[in-house]
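Residue strings, one per chain:
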Amino acid sequence: MTARDLLADWQDLGSRQVPANGIELRVVEHGEGAPVVFCHGFPELGFSWRHQVFALADAGFRTLTPDMRGYGGSSRPERVEDYDLLTISADLVGLLDAAGLEDAIFVGHDWGASVVWQLARAYPDRVRAVAGLSVPATPRSSAPPVPILRKRLGEDFYMVWFQEPGVADPVLDKNVRHTLLQDDVLSARNFLDTDSPEPPLPAWLTPAEFDYYVQAFTATGFTGGLNYYRNLDRTWELTAHLADVKVTQPSLFIAGSTDPVIRFTPLAKMPEMLTDLRGSLILEGAGHWIQQQRPAEVNAALIDFARAVA
């Protein structure tokens, strides 16, 4: 199946609005069998999992893929405080309830990975197994994370720059194409330079697929996604009761060797958090958008993992 076929086939799947935790999630469902829930990151959509949705459904799984809170066709609450990870975890529990499911295998990328690691600890009975892409599970920091990031990486570090509501939002919204094509996201300067020549599309993204993202974020803006970053310290405060709780479910980690996230979020402490880590796959030469860049390898790893734990 070609990338262009994937776009058309994704659109043919349709979606439904699912009430969950006081909001609505736009959810794409496909396949039958043991349930797998895919959770995307920033700035992505449920569409980011198009390769995995079809592969897992073909392998005998029921896939449920929401636009996460704040994105695409899902609700976008205005309050910054409505985007902490416990609230977002409760969205996913609400999705399970609405689908009549006791539990599911959860797969997350980027912020989606942070969500599913948290979900597995906060709602252990609802998570059969968990896979995180790009962002490893890490122990609780000794202090709120934003001041630590500010001290170590400076005001120009993107997570620090994202903190103040109304600052990054209009910059990212001004040139949606530039924002979505930004490859080096670690420095705020790269987002601020909106008049520079448009970077080329990555080889793994077709013009039609890119337009799908552009249309979605032109309609919604980026504030919903930015609010996840603005709850870093609040999530830290709200999860003190989980400080010593490990992820005991079967787990899997996948990342690209050139992903900048694993440069500032080291992998060494991940085994402290994951007591049943079934594998840690680092794909040589792959970057951050790993499930789209290297779908065959990611799909194979996820299918093997899901079959072992279903």
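Small disclaimer: the values here were computed from a predicted structure and weren't measured.

## Some details on the overall build of the protein
Part 1 of the reasoning: For the protein, the count of helices and strands is 16 helices and eight strands.
Part 2 of the reasoning: Expected size for 310 residues packed as a compact globule is a radius of gyration near 19 Å; at 18 Å, the protein falls within 12% of this value.
Part 3 of the reasoning: On the principal axes, the C-alpha backbone points of the protein span a range of 50 × 45 × 40 Å.
Part 4 of the reasoning: For the protein, restricting intrachain contacts to residue pairs at least 6 apart in sequence, the fraction spanning at least 24 positions comes to 76%.
Part 5 of the reasoning: Looking at the protein as shown, the accessible area adds up to about 12,800 Å², and 50% of this sits on carbon and sulfur atoms.

## Topic: the packing of helix H3 (residues 85–98) against helix H4 (residues 111–122)
Part 1 of the reasoning: The interhelical angle for the contact between H3 and H4, taken along N-to-C directions, is 80°, at an axis separation of 9 Å. Here H3 lies roughly perpendicular to H4, going by the angle between them. Contact with H3, carried on its side by Leu-85, Leu-86, Ile-88, Ser-89, Leu-92 and Val-93, involves Trp-111, Ser-114, Val-115, Gln-118, Leu-119 and Ala-122 of H4 and no other residues of that element.
Part 2 of the reasoning: Residues that form the contact of H3 with H4 fall into these classes: nine nonpolar, three polar and no charged.

## Points about the pattern of salt bridges
Part 1 of the reasoning: Going through the model one piece at a time under the given rule, you end up with 15 salt bridges.
Part 2 of the reasoning: Across the salt bridge formed by Arg-16 and Glu-29, the nearest N and O atoms sit 2.6 Å from each other. Separated by 13 residues along the polypeptide, Arg-16 in strand E1 (residues 16–20) and Glu-29 in strand E2 (residues 23–30) bring together distant segments of the chain.
Part 3 of the reasoning: The shortest N-O distance in the salt bridge between Glu-297 and Arg-294 comes to 2.6 Å.
Part 4 of the reasoning: What emerges from the salt-bridge pattern is a single network uniting Arg-16, Glu-29 and Arg-62.

## Description of helix H16 (residues 295–309)
Part 1 of the reasoning: Between its first and last C-alpha, H16 extends 21 Å over 15 residues, near the 21 Å set by a 1.5 Å rise per residue.
Part 2 of the reasoning: Every buried residue belonging to H16 is among Pro-295, Val-298, Asn-299, Ala-301, Leu-302, Ile-303, Phe-305, Ala-306 and Val-309, and all of these are buried.

## What to know about helix H10 (residues 207–220)
Part 1 of the reasoning: Between its first and last C-alpha, H10 extends 20 Å over 14 residues, near the 20 Å set by a 1.5 Å rise per residue.
Part 2 of the reasoning: Where H10 ends, the next residue or the one after it, Gly-221, has phi of about 70°, a positive value.

## Digging into the side chain of Ser-251
Part 1 of the reasoning: Locating Ser-251 in the fold gives a position in strand E7 (residues 251–256).
Part 2 of the reasoning: Apart from the residues lying within four places of it in its own chain, the contact partners of Ser-251 are Trp-117, Val-130, Leu-274, Asp-276, Leu-277, Arg-278, Gly-279 and Phe-305.

## Details of the environment of His-51
Part 1 of the reasoning: Here His-51 lies in helix H2 (residues 50–58).
Part 2 of the reasoning: In sequence terms His-51 and Ser-142 are 91 residues apart; their C-alpha atoms lie 38 Å from each other.

## Some remarks on the sheet that holds E2
Part 1 of the reasoning: Spatial ordering of the open sheet is given by E1-E2-E4-E3-E5-E6-E7-E8, a layout of eight strands whose pairing is mixed. In the strand order of this sheet, the two ends are held by E1 and strand E8 (277–283), each with one partner. The mean inter-strand angle of the sheet, taken between neighbouring strand axes irrespective of direction, is 25°.
Part 2 of the reasoning: Bridge analysis of E7 against E8 gives six bridges, and the strand direction is parallel. Of the residues in E8, the one forming a bridge with Ser-251 is Leu-277.
Part 3 of the reasoning: Each of strand E3 (34–39), strand E5 (104–109), strand E6 (127–133) and E7 is contacted by H4, which is oriented at about 150° to E6, the strand it contacts most.

## With respect to the nonpolar core
Part 1 of the reasoning: Counting 103 residues, the largest nonpolar core has Phe-42, Phe-106, Val-107, Phe-162, Leu-172 and Leu-302 as its most contacted members.
Part 2 of the reasoning: With residues up to four places along the chain from it excluded, the contact list for Phe-162 reads Phe-42, Ala-168, Leu-172, Phe-191, Leu-226, Tyr-229 and Arg-230.

## Regarding the packing of aromatic side chains
Part 1 of the reasoning: A complete count under the given rule lists 20 aromatic pairs for this structure.
Part 2 of the reasoning: Consider the rings of Tyr-71 and Phe-217, whose centres lie 6.2 Å apart with planes at 90°: the pair is edge-to-face. Of this pair, Tyr-71 sits in the loop between strand E4 (61–66) and H3 while Phe-217 sits in helix H10; the two residues are 146 residues apart in sequence, bridging distant segments of the chain.
Part 3 of the reasoning: Between Trp-111 and Tyr-229, the aromatic rings sit 5.3 Å apart at their centres with planes inclined by 90°, giving edge-to-face as the arrangement. Separated by 118 residues along the polypeptide, Trp-111 in helix H4 and Tyr-229 in helix H11 (residues 223–229) bring together distant segments of the chain.
Part 4 of the reasoning: Assessed through its relative accessible area of 7%, Trp-111 is described here as buried.
Part 5 of the reasoning: The ring of Phe-47 carries Arg-50 above its face, with NZ or CZ at 4.4 Å from the centroid.
Part 6 of the reasoning: Taking the ring centre of Trp-236 as reference, the NZ or CZ of Arg-140 above it sits at 4.1 Å.

## Quick word on the packing of H2 against H16
Part 1 of the reasoning: Where H2 contacts H16, the axes come no closer than 10 Å and their chain directions differ by 45°. Comparing the axis directions of H2 and H16 gives the class oblique. Handedness of the crossing formed by H2 with H16: right-handed. Residues His-51, Gln-52, Ala-55 and Leu-56 of H2 form the contact with H16, whose own contacting residues are Pro-295, Val-298, Asn-299, Leu-302, Ile-303 and Ala-306.
Part 2 of the reasoning: Looking at the contact of H2 with H16, its residues break down into seven nonpolar, three polar and no charged.

Cut-offs used in this document
Residues numbered from 1 in each chain as written. Predicted model: local features only at pLDDT ≥ 70, side-chain atom pairs only at ≥ 80, totals over all residues. Heavy atoms only, no water. Helix = DSSP H or I, 4+ residues; strand = E, 2+ residues; numbered from the N terminus. Rg over C-alpha atoms; globule rule 2.2 N^0.38 Å. Contact = heavy atoms within 4.5 Å. Areas by Shrake-Rupley, 256 points an atom, 1.4 Å probe, with all protein chains shown as cover. Axes fitted to C-alpha atoms, helices over the stretch in contact; angles between N-to-C directions. Parallel < 35°, antiparallel > 145°, perpendicular 65-115°, else oblique. Nonpolar A, V, L, I, M, F, W, Y, C, P; charged D, E, K, R; others polar. Salt bridge = Lys/Arg side-chain N within 4 Å of Asp/Glu carboxyl O. Expected span 1.5 Å × (residues − 1). Buried < 20%, exposed > 50% of the residue type's maximum accessible area, 1.4 Å probe, protein only. Pairing = 2+ DSSP bridges. Core = buried A, V, L, I, M, F, W, Y, C linked by side-chain atoms within 4.5 Å. Phe/Tyr/Trp six-rings, centres within 6.5 Å; stacked < 30°, edge-to-face > 60°. Lys NZ or Arg CZ within 6 Å of the ring centre and 35° of its normal. Left-handed = near helix turned anticlockwise from the far one by under 90°.

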